[in-house]
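# Chains, contacts and geometry: an overview
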Amino acid sequence: MAKITASVYTSHVPAIGAAIDLGKTQEPYWQPLFAGYEPSKQWMKDNKPDVIFLVFNDHATAFSLDMIPTFAIGTAAEYQPADEGWGPRPVPKVIGHPELAAHIAQSVIQQDFDLTIVNKMDVDHGLTVPLSLMCGQPEAWPCPVIPFAVNVVQYPVPSGRRCFELGKAIRKAIESFDQPLKVQIWGTGGMSHQLQGARAGLINKDFDNQFLDRLIADPAAQADQPHIDYVREAGSEGIELVMWLIARGAMSDVAGGPAPTLKHRFYHVPASNTAVGHLILENN
Ligand code: DHB
Ligand code: FE
């Protein structure tokens, strides 16, 4: 039986990827941010999973306004880093896990969640920046990755409640896979940021830290927060945070097991226009 060993939560920002790729991580602006991920990189080495189920959002890269799936699971054998305007990032290609992904698609769709099946997709900074933050600059990523894309770009977006319930269905799916795989589930994006309009540059430390507190200790209550609160309090792109609830809903305490252990918590403002938040929770 496969099992979920841990969940990881982290913001993504394209400028973080550029700082890594251009060798700027020790510059004064970036050093404090990357210092916060040093324990995480060590933790990844000490707790290498067999598969990462990576919840992220595509930024009109693989999808566009032509076609916008609310939830899309990657079932491909591999995914290339996307060209987002400056050429593809110089990072390894992402190896998928078609067998587990197909099993999760079967199970989750039969649990009444509508997933789009994606057999070909380039992956943008939403997926590659979290991998870089957690794994550094390896020749190859440490394990296969199942990309799971959520629409938080074009309204209407899914509610936190639905994301949390979906996480529960994903846990059931993973635990019913007949191979002894250690799976990590990552929730990415956020925290507070707004890239456009009159409130561009908005950061809300109080909201972000309350979100982190509640995601750790009372995720069911956090799941009840309506999407409009994220937009009002955390900015138009702060809605990316609902993706963290998918990962949190897949943790075993939500299904009646023991509470997870908080291995790492980090918060830093700013990275580009964004407040960066990061958690590692281990299942017990
Ligand atoms: C920034 C943050 C994002 O989440 C994103 O997708 C693009 C840009 C930023 O802060 O610059
Ligand atoms: Fe984003």
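What counts, and at which threshold
Residues numbered from 1 in each chain as written. Chains lettered and ligands numbered in written order. Predicted model: local features only at pLDDT ≥ 70, side-chain atom pairs only at ≥ 80, totals over all residues. Helix = DSSP H or I, 4+ residues; strand = E, 2+ residues; numbered from the N terminus. Rg over C-alpha atoms; globule rule 2.2 N^0.38 Å. Buried ≥ 20, exposed ≤ 12 C-beta atoms within 10 Å, placed from the backbone. Contact = placed C-beta atoms within 7 Å. Expected span 1.5 Å × (residues − 1). Pairing = 2+ DSSP bridges. Axes fitted to C-alpha atoms, helices over the stretch in contact; angles between N-to-C directions. pLDDT = per-residue confidence, 0-100. Core = buried A, V, L, I, M, F, W, Y, C linked by C-beta atoms within 7 Å. Arc of directions from axis to C-beta. Parallel < 35°, antiparallel > 145°, perpendicular 65-115°, else oblique. Left-handed = near helix turned anticlockwise from the far one by under 90°. Nonpolar A, V, L, I, M, F, W, Y, C, P; charged D, E, K, R; others polar.

## Brief notes about the overall build of the chain
Along the chain, the regular secondary structure elements total 10 helices and 10 strands. For the chain, whose C-alpha radius of gyration is 17 Å, the value lies close to the compact-globule estimate of 19 Å for 284 residues. Along the first, second and third principal axes, the C-alpha set of the chain runs to 50 × 40 × 40 Å. The proportion of buried residues among the 284 residues of the chain is 48%. Sequence separation of 24 or more characterises 82% of the internal contacts of the chain that already satisfy a separation of 6 or more.

## Some thoughts on helix α6 (residues 160-175)
Since one α-helical turn is 3.6 residues long, residues separated by three or four positions face the same way. Between the first and last C-alpha of α6 there are 23 Å, a value that for 16 residues agrees with the 22 Å anticipated at 1.5 Å per step. Among the residues of α6, Gly-160, Cys-163, Phe-164, Glu-165, Leu-166, Gly-167, Ala-169, Ile-170, Arg-171, Ala-173 and Ile-174 are the ones counted as buried.

## Section: the environment of Val-157
With respect to the helices, strands and loops of the structure, Val-157 is situated in the loop between β7 (145-150) and α6. Sequence spacing of Val-157 and Leu-100 is 57 residues, and the spatial spacing of their C-alpha atoms is 26 Å. Ignoring any residue separated from it by four or fewer positions in sequence, one finds Val-157 in contact with Asn-151, Val-152, His-227, Ile-239 and Val-242.

## Concerning the sheet that holds strand β9 (residues 261-271)
The strand order across the open sheet built from 8 strands is β6-β3-β7-β2-β8-β1-β10-β9, with neighbouring strands paired in mixed fashion. Of all strands in the sheet, those bounded by a partner on one side alone are β6 (116-118) and β9. Sheet twist, expressed as the average angle between the axes of neighbouring strands with direction ignored, equals 20 degrees. Bridging between strand β2 (residues 51-56) and strand β8 (residues 182-188) involves 5 bridges; their strand directions are parallel. Residue pairing across strands places Ile-52 opposite Gln-184, the latter belonging to β8.

## Quick look at the confidence of the model for the chain
Mean pLDDT over the chain stands at 98; residues scoring 70 or higher make up 100%. Scoring the predicted complex yields pTM 0.98 and, for the interface, ipTM 0.98.

## Let's talk about the pairing of β9
Where β9 meets strand β10 (residues 274-282), 8 bridges bridge the pair, whose relative direction is antiparallel. Note that in β10 the partner of Arg-265 across the bridge is Leu-279. Counting the residues that bridge the hairpin from β9 to β10 gives 2 residues, and of these Ser-272 lies at a positive phi of roughly 55 degrees.

## Here's the deal with the nonpolar core
Residues Leu-54, Ile-170 and Met-243 are the most contacted members of the largest nonpolar core, which totals 82 residues. Residue contributions to this core peak at 7 residues, all from α6. Among all residues touching Ile-170, those that are not within four sequence positions of it are Phe-53, Ile-104, Val-108, Ile-246 and Ala-250.

## Observations concerning helix α4 (residues 98-110)
A rise of 1.5 Å per residue sets the reference length of α4, with its 13 residues, at 18 Å; its end C-alpha atoms lie 18 Å apart and thus fit the reference within 8%. Among all positions in α4, only Leu-100, Ala-101, Ile-104, Ala-105 and Val-108 are buried. Buried residues of α4, seen end-on, are gathered within an arc of 140 degrees and therefore sit on one face of the element. Packing partners of the buried residues in α4 comprise β2, β3 (71-74), β6, β7 and α6.

## Let's talk about the packing of helix α1 (residues 14-21) against helix α5 (residues 125-135)
Here α1 crosses α5 at 50 degrees, and the two axes come no closer than 9 Å. As summarised for this structure, α1 and α5 are arranged oblique, according to the angle between their axes. Of the two possible hands of crossing, α1 and α5 adopt the one that is left-handed. Residues Pro-14, Ile-16, Gly-17 and Ile-20 of α1 touch α5, and the partners they reach there are His-125, Thr-128, Val-129, Ser-132 and Leu-133. A breakdown of the residues in the contact of α1 with α5 according to their chemical character gives 5 nonpolar, 4 polar and no charged.

## What to know about the pairing of strand β1 (residues 3-10)
Most of β1 sits out of view: 6 of its 8 residues are buried. As defined by bridge partners, β1 adjoins β8 across 7 bridges and the pair is classed as parallel. Pairing of Lys-3 across the sheet is with Lys-182, part of β8. Relative to β10, β1 runs antiparallel, the two sharing 5 bridges. Looking at the pairing, Tyr-9 lines up with Leu-279 of β10.

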